[in-house]
Amino acid sequence: MTDQTIKLDQFLKLKGIASTGGQAKLMIQSGEVKVNGSPETRRGRQLVKGDRVTVADKTFIVEL
């Protein structure tokens, strides 16, 4: 993670959406997570400020 990006799995843990890295990985791989409206299955996806992460009809805006 740099000051400008954060990995998708780290973001899920930071926001409390996933309690562990393993849970985040399973959520991402099962297609439960969308980034900017599209399903995202790469847990290493680099997010930038302004990206929208949606899980279970809840959307979180990336703010770094």
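Residues numbered from 1 in each chain as written. Predicted model: local features only at pLDDT ≥ 70, side-chain atom pairs only at ≥ 80, totals over all residues. Heavy atoms only, no water.

Per an unreviewed UniProt entry, the chain goes by the name RNA-binding S4 domain-containing protein and belongs to Floridaenema flaviceps BLCC-F50.

Help me out: how do you make sense of the overall build of the chain in this one?
Within the chain, the regular secondary structure consists of two helices and six strands. Counting from the amino terminus, the chain carries its helices and strands in the arrangement β-α-α-β-β-β-β-β. Against the 2.2 N^0.38 benchmark of 11 Å for 64 residues, the chain shows a C-alpha radius of gyration of 10 Å, consistent with a compact globule. Seen through its principal axes, the chain has C-alpha atoms that stretch 25 × 20 × 20 Å. Every one of the 64 residues in the chain was classed for burial, and the buried ones make up 30%. (Helix = DSSP H or I, 4+ residues; strand = E, 2+ residues; numbered from the N terminus. Rg over C-alpha atoms; globule rule 2.2 N^0.38 Å. Buried < 20%, exposed > 50% of the residue type's maximum accessible area, 1.4 Å probe, protein only.)

Would you mind going over the nonpolar core with me for this structure?
Across soluble globular proteins, nonpolar side chains show a tendency to be buried alongside one another. Core analysis: the biggest nonpolar cluster contains 15 residues, and Leu-8, Leu-12, Val-33, Leu-47, Val-53 and Val-55 have the highest contact counts within it. Residue assignment for this core shows that the elements contributing at least two residues are α1 (8–14), α2 (21–29), β2 (33–35) and β5 (52–55). Ignoring sequence-local partners within four residues, the contact set of Val-53 consists of Leu-8, Phe-11, Leu-12, Val-33, Lys-34, Leu-47, Lys-58, Thr-59, Phe-60 and Val-62. (Core = buried A, V, L, I, M, F, W, Y, C linked by side-chain atoms within 4.5 Å. Contact = heavy atoms within 4.5 Å.)

Help me understand the sheet that holds strand β6 (residues 58–61) in this model?
Sheet strands line up and pair through hydrogen bonds in the backbone, either parallel or antiparallel. Taken in spatial order, the four strands of this open sheet run β3-β2-β5-β6, and their pairing is antiparallel. Strand pairing shows two members of the sheet lacking a second neighbour, β3 (38–39) and β6, which therefore form its edges. (Pairing = 2+ DSSP bridges.)

I would appreciate a short explanation of the environment of Ile-61 in the present structure.
With respect to the secondary-structure elements, Ile-61 resides in strand β6. Spatially, the C-alpha atoms of Ile-61 and Lys-49 are 7.7 Å apart, while their sequence positions differ by 12 residues.

Explain the pattern of salt bridges to me, please; I cannot follow it from the model alone.
Think of it this way: side chains of opposite charge can pair up when their charged atoms draw near. Scanning the model with the defined rule gives two salt bridges in all. Taking the shortest distance from any N to any O, the salt bridge between Arg-45 and Glu-40 comes out at 2.9 Å. Through salt bridges that share partners, Glu-40, Arg-42 and Arg-45 make up one connected network. (Salt bridge = Lys/Arg side-chain N within 4 Å of Asp/Glu carboxyl O.)

Quick question: what am I supposed to make of the side chain of Glu-40 here?
Note that Glu-40 resides in the loop between β3 and β4 (46–48). What makes Glu-40 buried here is its relative accessible area of 7%. Within the local environment of Glu-40, its side chain forms a polar contact with the side chain of Arg-42, the two groups lying 2.8 Å apart. Once you skip the residues sitting within four places of it in the chain, Glu-40 turns out to touch Leu-8, Ile-28, Val-33, Lys-34, Val-35 and Arg-45. (Polar contact = N/O pair within 3.5 Å; in protein donor to acceptor, adjacent residues only side chain to side chain.)

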